[in-house]
Amino acid sequence: MRVNFTVNGRRQEADDVWEGESLLYILRERLGLPGSKNACEQGECGSCTVRLDGVPVCACLVAAGQVEGREVLTVEGLAEYAGQRDRDRGQGRVREGELSHVQQAFMDAGAVQCGFCTPGLLVAADEMLERNPSPTDADIREALSGNLCRCTGYEAILDAVRLAAARQEEAI
Amino acid sequence: MASSTPRTSTTPRTSTPRTPTGTPTSLTQRSRTKGGIGESTLRPDGTLKVTGEFAYSSDMWHEDMLWGHTLRSTVAHAQIRSIDISEALAVPGVYAVLTYDDLPTAVKHYGLEIQDTPVLAHGKVRHHGEPVAIVAADHPETARRAAAKIRIDYAELPVVTDELSATAPGAPLVHEGRDDHHIGHVPHPNIVHRQPIVRGDAGAAAARADVIVTGDYVFGMQDQAFLGPESGLAVPAEDGGVDLYVATQWLHSDLRQMAPVLGLPDHKVRMTLSGVGGAFGGREDLSMQIHACLLALRTGKPVKMVYNRFESFFGHVHRHPATLHYEHGATRDGKLTHMRCRIVLDGGAYASASPAVVGNAASLSVGPYVVEDVDIEAIALYTNNPPCGAMRGFGAVQACFAYEAQMDKLAAELGLDPVEFRQLNAMEQGTLLPTGQRVDSPAPVAELLRRVKARPLPPERQWLTAGEAADVRALPGGLSNTTHGEGVVRGVGYAVGIKNVGFSEGFDDYSTARVRLEVIAGEPVAVVHTAMAEVGQGGVTVHAQIARSELGVTQVTIQPADTQVGSAGSTSASRQTYVTGGAVKNACEHVRERVLELGRRKFGTYHPAWGTAELLLESGKVVTDGGEVLAGLADVLEDEVVDLELEWRHRPTEAFDLRTGQGNGHVQYSFAAHRAVVEVDTELGLVKVIELAVAQDVGKALNPLSVVGQIQGGSLQGLGVAVMEEIIVDPVTAKVRNPSFTDYLIPTLLDTPAIPVDILELADEHAPYGLRGVGEAPTLSSTPAILAAIRNATGLELNRTPVRPEHLTGM
């Protein structure tokens, strides 16, 4: 089958898609967007978290046909998306080509080690901060509890999200 | 080019010296260059990792590539009567189906130490999930469906699953006709290796004891559960060789095992490290490396293999589950008299790293304590359980779990504070280990315990004080609780551990670094090339810091790791910053000497300091000890390129005597202590770790941010095995019951406590910069500290990991 949808603001078309393929497979193997990671392909680890019409989902659990005509945001489009959102909100600090607050904070706080969980965490964390700009620690833990990380012990990830929230607030 | 051959520079005027050995710490220069050691510089691969552009091994892609898939045994132990691949071959889109019969050479087995692992099962399978056949097809699903059409006729055999069944009279032998070098000293062919350690007279010392405590402990099978699945891309080359892009912990070890099976000389198997999504020991053994290359060579097309999570649980070795029997004695005034222990590690169907794990478990079984009279035995079994090998902590983890439980038992018997009792017996610099080795660098065991104990405890339980305002999300079990805290009790527990750093027992543990210094666009630039596997630990960050410190440049390029440079050894045993870091430092020092020689030749006549003073490279300049600038590096170098590839070794170690266990087996030790605070819902049997404070001596923190990250991450893996992580193997069929992230649980952000880290930096004078390996020690003491806290909260004995609700509720 053929699937038409939008990824990171660009129209995409995938041909000869087998019905059993997941959104994750289409992104990684057909569209050359391997940023969403394939750690469990069972919806347990969150490494493939993308936004489907704005809602965070595990791309491995979304059948290819389900994305027809819809909008997907992956980690590859996160900086641009966050930049546009910040400009729309009058927070002009984020320039084109610059990393989003949450991306920069993950680097600064040491929240990236092997980095395999990072793309999914970034998409999930950015979405949470969009909804809830001043999260408590309990909010962060709950929002990101579907994203497994095996390297960091999560402390640095908590630090990063707190840092991103603070910088986001500062930018207003 | 053979890996041990020094590579010459492409620039004719630069020569490559012979390989020096020894410790060049005397050449160290003080560093004032920005971004050098001691700073929390950021990862050079960080931007790529946060933008999704970093290419992990499962992201590799090649035009016209095929997908490989592995068919694995559905039974644990069976004769293979026949394999019929005809239906699989007939599936449209299938390019190759290979079995044992298709292997190209007489070398059909591999292994880290003992070559007992078949590339593809031949004659029999020895564990559930063993690879039997491989398929290449044009779509991963085609490959999977074709593999499912391979017909295998198994005649099931009885399984051995523990010491009793493995060593019973007439027990099936996992490996008949063993001829490895351990067979001569093991009491049974189903025992891989045995290491006793006898020192003093434990029997006589026991007679002096006022109290004697014994304990039997069980440590469950833990999985590394790295997130990036085993994967890679093999590309056949025109010269008949193959290029493999793969996630591994040691490129040259893979190469050594692969080339003979493929029937290719080393230089025709070109390995390049692709992005590694964590390792923790689980990538020391081969997984898909040979399979992908075989399929690529057979089909003439690039072949990508990616395990899914289910397959990943079968595709790598796990942490050895263990049973441990301990006896300790102490006098009334709290001094340890003796220790006797027996540690039985289940190595599963193939040897992997089991012999080395046995050596570690035995030699570190006494823990960081002074005990002069010991009688120790550690063994690893061959069984039909999943193969076990390297995982963070490597044999020391299981022992720490047991000896720390024993310390608490003894303290309780004697009516002493558990921390004070440990401090009373803590080893220190100069202590003699049971192996007869003297600890010749700082061993701040008592101090680490003091630090975690002195830290203020987290606030009292909010369930007792906050009433309606209490946040029930923080209860054990979170929102799914049925109490509001009334059945919740708190406990505090302590533990400390000792881990060796680097490869032990006489292993030639070296690393190689190539460093080039040249001027690019007017700026001096250092290029560092090693074969070190960056698995997330941050080695690449530290190498750049070392080069900045040693060469006084700000711009450093880290070359991708591959087999075009000599071996770096394994990214394991907490050794890479020490050994490959040491190699980079060593190479930089020789480059620096070369640069200063150049400077003396060019400018020596203009300033007397060139001839006399101790010169430094700093911020792109040659400066005197007093800070006077003599020349710019760019002016010294001009169009010269200084390019050196050198090997570097730490101090040699010795094998342990096979009867007495005596020998200077380890090169360095690393120490961490934990205090765990837990809350337990005694009605539901749920545990919440509230805080996991840790103190660790790192010798010298080359990158404090990375060091803290390693310590927190290691601590959390210890938490995982304390309360949730276990691969469950059916004791009757030896089949794995929970190979998925649905059923094998690893901690989430909701399971994770605050992990405050307290770092000591007591230099080890024998190590580069005084550093100590960091990555493993925090995994040791985390588990027993949590167990101690749960015991403290509940009063239960709890002698196994992980603690499950039924253990706490008595069901």
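These numbers come from a predicted model, not from an experiment.

Here's the deal with the overall build of chain B
When its secondary structure is counted, chain B shows 20 helices and 31 strands. For 811 residues, the compact-globule estimate of 2.2 N^0.38 gives 28 Å, and the C-alpha radius of gyration of chain B, at 27 Å, lies within 12% of that figure. Along the first, second and third principal axes, the C-alpha set of chain B runs to 85 × 70 × 60 Å. Across the 811 residues that make up chain B, the buried fraction comes to 65%. Contacts in chain B between residues far apart in sequence, at least 24 positions, make up 79% of those at least 6 positions apart.

A word on the overall build of chain A
A tally of helices and strands in chain A yields six helices and five strands. Each helix and strand of chain A, ordered N terminal to C terminal, gives the series β-β-α-β-β-β-α-α-α-α-α. Computed over C-alpha atoms, the radius of gyration of chain A comes to 16 Å, within 12% of the 16 Å expected from 2.2 N^0.38 for 172 residues, which places it in the range of a compact globule. Residue pairs in contact within chain A that sit at least 24 positions apart in sequence constitute 55% of those at least 6 positions apart. Carbon and sulfur atoms make up 44% of the accessible area of chain A, which amounts to about 6500 Å² in all.

Topic: the interface of chain B and chain A
With 63 residues of chain B at the interface, the matching set in chain A holds 53 residues. Of the roughly 4300 Å² buried between chain B and chain A on both sides combined, carbon and sulfur atoms contribute 58%. On the chain B side of the contact with chain A, Val50(B), Leu227(B) and Leu749(B) bury the most area, a combined 19% of that side's loss. For the pair chain B and chain A, the number of links is six salt bridges.

Quick look at the pattern of salt bridges
Residues and elements named next belong to chain B. Applying the stated criterion across every chain, the model contains 63 salt bridges over all chains. For Asp-45, the salt bridge identified is with Lys-49, shortest N-O distance 3.2 Å. With respect to class, Asp-45 is no different from Lys-49; both count as buried. With its nearest N and O atoms 3.3 Å apart, the salt bridge here joins Lys-409 to Glu-797. Placement of the pair is Lys-409 in helix H10 (residues 396–414) and Glu-797 in the loop between helix H19 (777–794) and strand E31 (800–801), with a sequence separation of 388 residues.

Description of the pairing of strand E1 (residues 66–72) of chain B
Residues and elements named next belong to chain B. Counting buried positions over the seven residues of E1 gives seven, a clear majority of the element. Where burial is concerned, the two faces of E1 agree: the one with Leu-66, Gly-68, Thr-70 and Arg-72 and the one with Trp-67, His-69 and Leu-71 are both buried. Relative to strand E14 (residues 303–306), E1 is paired through three bridges, and the arrangement is parallel. Directly across from Trp-67, in E14, lies its bridge partner Lys-304. Summarising the sheet, E1 and strand E7 (residues 131–137) pair through six bridges and their orientation is antiparallel. Looking across to E7, one finds that Arg-72 is bridged to Pro-131.

Remarks on the packing of aromatic side chains
Using the criterion set out here, one finds 15 aromatic pairs over all chains in the structure. With 6.1 Å between their ring centres and 65° between their planes, Trp250(B) and Phe503(B) make a pair best called edge-to-face. Of the two residues, Trp250(B) is situated in the loop between strand E12 (242–246) and helix H6 (251–262) and Phe503(B) in the loop between strand E20 (488–501) and strand E21 (510–520); the sequence distance between them amounts to 253 residues. Accessibility assignment for this pair places Trp250(B) and Phe503(B) in one class, buried. Where Tyr578(B) meets Trp648(B), the ring centres are 6.3 Å apart and the plane angle is 40°; that geometry is what we call tilted. Here Tyr578(B), found in helix H15 (residues 576–603), pairs with Trp648(B), found in strand E27 (residues 642–649); they are 70 residues apart in sequence, far enough to count as distant. An identical accessibility class is assigned to Tyr578(B) and Trp648(B); each is buried. Put simply, the rings of Phe116(A), Phe54(B) and Tyr56(B) pair up and form one aromatic cluster.

Structural notes on the sheet that holds strand E8 (residues 151–156) of chain B
All names here are of chain B. What the three strands build is an open sheet, ordered E6-E2-E8; its pairing is antiparallel. Whereas interior strands pair on both sides, the edge strands pair on one side only; in this sheet they are strand E6 (124–125) and E8. As paired elements, strand E2 (residues 78–84) and E6 share two bridges and run antiparallel to each other. Across the sheet, residue Gln-79 finds its bridge partner in E6, namely Lys-124.

Details of the packing of helix H2 (residues 78–88) of chain A against helix H4 (residues 118–131) of chain A
Residue and element names in this part refer to chain A. Where H2 meets H4, the closest approach of the two axes is 11 Å, and the angle between their N-to-C directions is 10°. Taken as axis vectors, H2 and H4 run roughly parallel relative to one another. Residues Leu-78, Tyr-81, Ala-82 and Arg-85 of H2 lie in contact with H4, whose contacting residues are Leu-122, Val-123, Asp-126 and Glu-130. Within the contact of H2 with H4, the residues separate by chemical class into five nonpolar, no polar and three charged.

Things to note about the sheet that holds E31(B)
Residues and elements named next belong to chain B. Pairing in this open sheet of six strands is mixed, and the strands run E9-E18-E17-E16-E10-E31 from one edge to the other. Across the chains shown, the open sheet's two edge strands, defined by having one partner strand only, are strand E9 (191–199) and E31. Here two bridges tie strand E10 (residues 211–219) to E31, and the two strands are oriented parallel to one another. Residue pairing across strands places Phe-219 opposite Thr-801, the latter belonging to E31.

Details of the confidence of the model for chain B
Low pLDDT means the predicted atomic positions in that stretch should not be read closely. Residues and elements named next belong to chain B. Overall, the predicted model of chain B reaches an average pLDDT of 94, with 96% of residues at or above 70. Below pLDDT 50 for its whole length, residues 1–28 participates in 58 contacts with residues either more than four positions away or in separate chains. Predicted as a complex, the structure gets a pTM of 0.95 and an ipTM equal to 0.98.

A few points about the nonpolar core
Phe106(A), Leu144(A), Tyr326(B), Ile343(B), Ile786(B) and Ile790(B) are the most contacted members of the largest nonpolar core, which has 154 residues in total. If you tally residues by element for this core, the top one is H10(B), at twelve residues. Residues within four places of Phe106(A) in sequence aside, it is in contact with Ala111(A), Val112(A), Thr118(A), Leu121(A), Leu122(A), Ile157(A), Ala160(A), Val161(A) and Val50(B).

Quick look at the packing of helix H18 (residues 704–723) of chain B against H19(B)
All names here are of chain B. It is the contact of H18 with H19, at a shortest axis distance of 7 Å, that shows an interaxial angle of 45°. Here H18 lies oblique to H19, going by the angle between them. Crossing hand, H18 versus H19: right-handed. Packed against H18, whose contacting residues are Gln-710, Ile-711, Gly-714, Ser-715, Gln-717, Gly-718, Leu-719, Val-721, Ala-722 and Val-723, the element H19 presents Pro-778, Thr-779, Ser-782, Thr-783, Ile-786, Leu-787 and Ile-790 at the interface. Across the contact of H18 with H19, the residue classes tally to nine nonpolar, eight polar and no charged.

Description of unusual backbone geometry
The residue after Thr801(B), namely Pro802(B), is reached through a cis peptide bond having omega -15°. Mapped onto the fold, Pro802(B) is located in the loop between E31 and helix H20 (805–809). The phi dihedral of Glu41(A) is positive, around 55°, even though this residue is not glycine.

So, the side chain of Gln113(A)
Locating Gln113(A) in the fold gives a position in the loop between helix H3 (101–108) and H4. Among the residues examined, Gln113(A) registers a relative accessible area of 9% and is labelled buried. Those residues in contact with Gln113(A) that lie beyond four places of it in its chain are Cys151(A), Thr152(A), Arg43(B), Lys49(B), Gly536(B), Gly709(B) and Gln710(B).

Section: helix H3 (residues 140–148) of chain B
Within H3(B) the residues assigned to the buried category are Pro140(B), Glu141(B), Thr142(B), Ala143(B), Ala146(B) and Ala147(B). Those residues of H3(B) that are buried are in contact with helix H1 (23–30) of chain A together with E1, helix H2 (86–89), strand E3 (94–98) and E7 of chain B.

Digging into the pairing of strand E23 (residues 555–558) of chain B
All names here are of chain B. Sheet analysis places strand E22 (residues 523–529) next to E23, joined by four bridges and oriented parallel. Along E23, the bridge assignment pairs Ala-526 with Val-556. In this view, the connection linking E22 to its parallel neighbour E23 by way of helix H14 (residues 539–551) has right-handed handedness.

Some words on the side chain of Glu29(A)
Take Glu29(A): it is sitting in helix H1. The buried category is assigned to Glu29(A), whose relative accessible area is 14%. Within polar-contact distance, the side chain of Glu29(A) engages the side chain of Lys304(B) at 3.0 Å. Those residues in contact with Glu29(A) that lie beyond four places of it in its chain are Ser58(B), Trp61(B), Met65(B), Trp67(B) and Lys304(B).

Calculation notes
- Residues numbered from 1 in each chain as written.
- Chains lettered and ligands numbered in written order.
- Predicted model: local features only at pLDDT ≥ 70, side-chain atom pairs only at ≥ 80, totals over all residues.
- Heavy atoms only, no water.
- Helix = DSSP H or I, 4+ residues; strand = E, 2+ residues; numbered from the N terminus.
- Rg over C-alpha atoms; globule rule 2.2 N^0.38 Å.
- Buried < 20%, exposed > 50% of the residue type's maximum accessible area, 1.4 Å probe, protein only.
- Contact = heavy atoms within 4.5 Å.
- Areas by Shrake-Rupley, 256 points an atom, 1.4 Å probe, with all protein chains shown as cover.
- Buried area = accessible area lost by both parts, 1.4 Å probe.
- Salt bridge = Lys/Arg side-chain N within 4 Å of Asp/Glu carboxyl O.
- Pairing = 2+ DSSP bridges.
- Phe/Tyr/Trp six-rings, centres within 6.5 Å; stacked < 30°, edge-to-face > 60°.
- Axes fitted to C-alpha atoms, helices over the stretch in contact; angles between N-to-C directions.
- Parallel < 35°, antiparallel > 145°, perpendicular 65-115°, else oblique.
- Nonpolar A, V, L, I, M, F, W, Y, C, P; charged D, E, K, R; others polar.
- pLDDT = per-residue confidence, 0-100.
- Core = buried A, V, L, I, M, F, W, Y, C linked by side-chain atoms within 4.5 Å.
- Left-handed = near helix turned anticlockwise from the far one by under 90°.
- Right-handed = clockwise from strand over helix to strand, strands pointing away.
- Polar contact = N/O pair within 3.5 Å; in protein donor to acceptor, adjacent residues only side chain to side chain.

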